[in-house]
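Single-letter residue listing:
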Amino acid sequence: MIHLTGPMYAAAVILVIAAVTFCTRLAPFVLFSRGETPKIITYLGNALPPAVMAMLVVYCLRSTPILAAPHGVPELLAILTVVALHLWKRNNLISILCGTAVYMFLIQAVF
Amino acid sequence: MKKALKAAFPCTVPIMLGYLSIGIAFGLLFQNAGYNFVWAFGMSVLVYAGAMQFIAVSILTSGLSLIQAAVMTLLVNIRHMFYGLSFLDTFSKMGKAKGYMIFSLTDETYSLLCSIQSPEDVDPKKFLFSVSFLNQCYWVAGSVLGSLLGSFITFDTTGMDFAMTALFIVIFLDQWKAYKTHRPALIGLAASAAVLIAVGPDNMALPAMLLITALLLVFRRPISAKLQSDEDVLTADADTAPAEAAATSADPEVRKEVTL
């Protein structure tokens, strides 16, 4: 294998990462492009979004230290802020901005 | 196109906040690793994957081989394979923009596209393209900005990335209300939490996606029965209502009428 160094190596790594990332996004379109999409795939396409959203929330919080201080308290309070505001106002922007502001304040100034 | 961009912009503001801040963090990190703004620009244009670009920085600094880089990318980003499933029909009807829509299907763009509906007076194809395109602009701008400003930033951005978490929570709540069955949401929550506890934070994405898919298939009958009305809508009206193709709606009232 050719041994790349310096900028050539960096460029090659970036291109490989770009290509593989694109392939993961392209895969379902290649696999299910011919004719009718199988029913089971349509079903997954419909059922997946709420499940994936739950996964992404957990994924975002995956590195929260629960056993060590501050035990995920800032995260919990910020999440409660987002949920409460969203159930009350149902305005995406207000919920997200206030939740983020609360979180930033908590981890910068309180904990 | 101008009209579509104008209509799309308000929907993308939450992503803008998240992408600008995370992008800046990425730019800073990349600059510190010895790669200037041209590199940050290049990577954000070509790769366009949040978490993966951070990992790319450590791949470059530790000098991993191209094969190792490829395998790592596959493991980190394989969750994206599931995203396209929700947009098979929608994107395939978008003509020239199809390639870009697929390329730009990040976590955040996916969740946004699932939850928005194009305004009536705007071409839905242009609207969706505008959303995806604006999102990448924010990401590219953020990473270049981070790279350029380097250590000159005096504003403490710690915790700003919570905007992403908040965005996912908000969409989760919207979908909770829009769906007639909560089983997919609960499966997602339980499966991800279980996998996180079982395998730890570093490798949770792929096993979590697989477990979720398996459980959704196990419970296909009861979930499908509840989703049935949605699927009818999807096939009948997919062209004019791309946002509904994901069985969600920004406007719960509209959804109610459709599903009842």
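Residues numbered from 1 in each chain as written. Chains lettered and ligands numbered in written order. Predicted model: local features only at pLDDT ≥ 70, side-chain atom pairs only at ≥ 80, totals over all residues. Heavy atoms only, no water.

(A) The overall build of chain B, seen in detail. When helices and strands are counted, chain B shows 14 helices and 0 strands. Written out in order from the N terminus, the α and β elements of chain B read α-α-α-α-α-α-α-α-α-α-α-α-α-α. Total accessible area on chain B stands at roughly 11,100 Å², and carbon and sulfur atoms take up 66% of it. (Helix = DSSP H or I, 4+ residues; strand = E, 2+ residues; numbered from the N terminus. Areas by Shrake-Rupley, 256 points an atom, 1.4 Å probe, with all protein chains shown as cover.)

(B) Expanded view of a nonpolar patch on the surface. Residues and elements named next belong to chain A. Residues Val 73, Leu 76, Leu 77, Leu 80, Phe 105, Val 110 and Phe 111 make up a contiguous nonpolar surface patch of roughly 640 Å² in combined accessible area. Residue assignment for the nonpolar patch shows that the elements contributing at least two residues are helix 3 (73–89) and helix 4 (92–110). Inspection of the secondary structure assignment puts Phe 105 in helix 4. The class for Phe 105 is exposed, based on a relative accessible area of 52%. (Patch = residues over 30% accessible without salt bridge, like charges linked within 9 Å, V, L, I, M, F, W, Y side chains within 5 Å. Salt bridge = Lys/Arg side-chain N within 4 Å of Asp/Glu carboxyl O. Buried < 20%, exposed > 50% of the residue type's maximum accessible area, 1.4 Å probe, protein only.)

(C) Summary view of helix 2 (residues 39–60) of chain A. Residue and element names in this part refer to chain A. Counted at 1.5 Å a residue, the expected span for helix 2 with its 22 residues is 32 Å, and the 31 Å between its end C-alpha atoms agrees. The sharpest bend along helix 2 comes to roughly 45°, located at Leu 48, with the proline Pro 49 sitting one to four residues further on. Of all 22 residues in helix 2, 18 are buried; the element is thus mostly enclosed. (Expected span 1.5 Å × (residues − 1). Bend = angle between axes of the 7 residues up to and from the residue.)

(D) Main features of the side chain of B:Asn77. By the element assignment, B:Asn77 lies in helix 4 (residues 66–77). On the basis of relative accessibility, which here comes to 1%, the residue B:Asn77 falls in the buried class. Within the structure, the side chain of B:Asn77 is placed 3.0 Å from the side chain of A:Thr21, a separation counted as a polar contact. Discounting chain neighbours no more than four positions away, the residues touching B:Asn77 are A:Thr21, A:Thr24, B:Ala49 and B:Met52. (Polar contact = N/O pair within 3.5 Å; in protein donor to acceptor, adjacent residues only side chain to side chain. Contact = heavy atoms within 4.5 Å.)

(E) Representation of helix 11 (residues 183–199) of chain B in the model. Residue and element names in this part refer to chain B. Under the 1.5 Å per step criterion, the end-to-end length of helix 11 is 24 Å for 17 residues, consistent within 8% with the ideal 24 Å. Those residues of helix 11 not exposed but buried are Pro 184, Ala 185, Ile 187, Gly 188, Ala 191, Ser 192 and Val 195. Buried residues of helix 11 fall within an arc of 160° about the axis and therefore sit on the same side. Just past helix 11, the residue Gly 200 takes up positive phi, approximately 85°. (Arc of directions from axis to C-beta.)

(F) Examining the nonpolar core more closely. Counting residues in each nonpolar core, the largest one holds 100 residues, and the members touching the most others are A:Leu48, B:Phe30, B:Phe91, B:Leu113 and B:Leu216. With 14 residues, the single largest contributor to this core is helix 2 of chain A. Discounting residues that sit within four places of it in the chain, B:Leu216 has contacts with A:Tyr43, A:Leu44, A:Ala47, A:Leu48, A:Ala51, B:Pro184, B:Ile187 and B:Ile223. (Core = buried A, V, L, I, M, F, W, Y, C linked by side-chain atoms within 4.5 Å.)

(G) Region of interest: the interface of chain A and chain B. Taken together, the 66 residues of chain A in the interface contact 96 residues of chain B. Both faces combined, the contact of chain A with chain B buries some 7,000 Å², and carbon together with sulfur accounts for 79% of it. Here B:Asp174 ties to A:Arg90 by a salt bridge, and the two come within 2.8 Å at their closest N and O atoms. For the interface between chain A and chain B, the tally reads 12 residue pairs in polar contact (both at pLDDT 80 or more). Listing elements by their share of the side of chain A that touches chain B, those giving two or more residues are helix 1 (6–31), helix 2, helix 3 and helix 4 of chain A. A class-by-class count of the residues in the side of chain A that touches chain B yields 49 nonpolar, 12 polar and 5 charged. (Buried area = accessible area lost by both parts, 1.4 Å probe. Nonpolar A, V, L, I, M, F, W, Y, C, P; charged D, E, K, R; others polar.)

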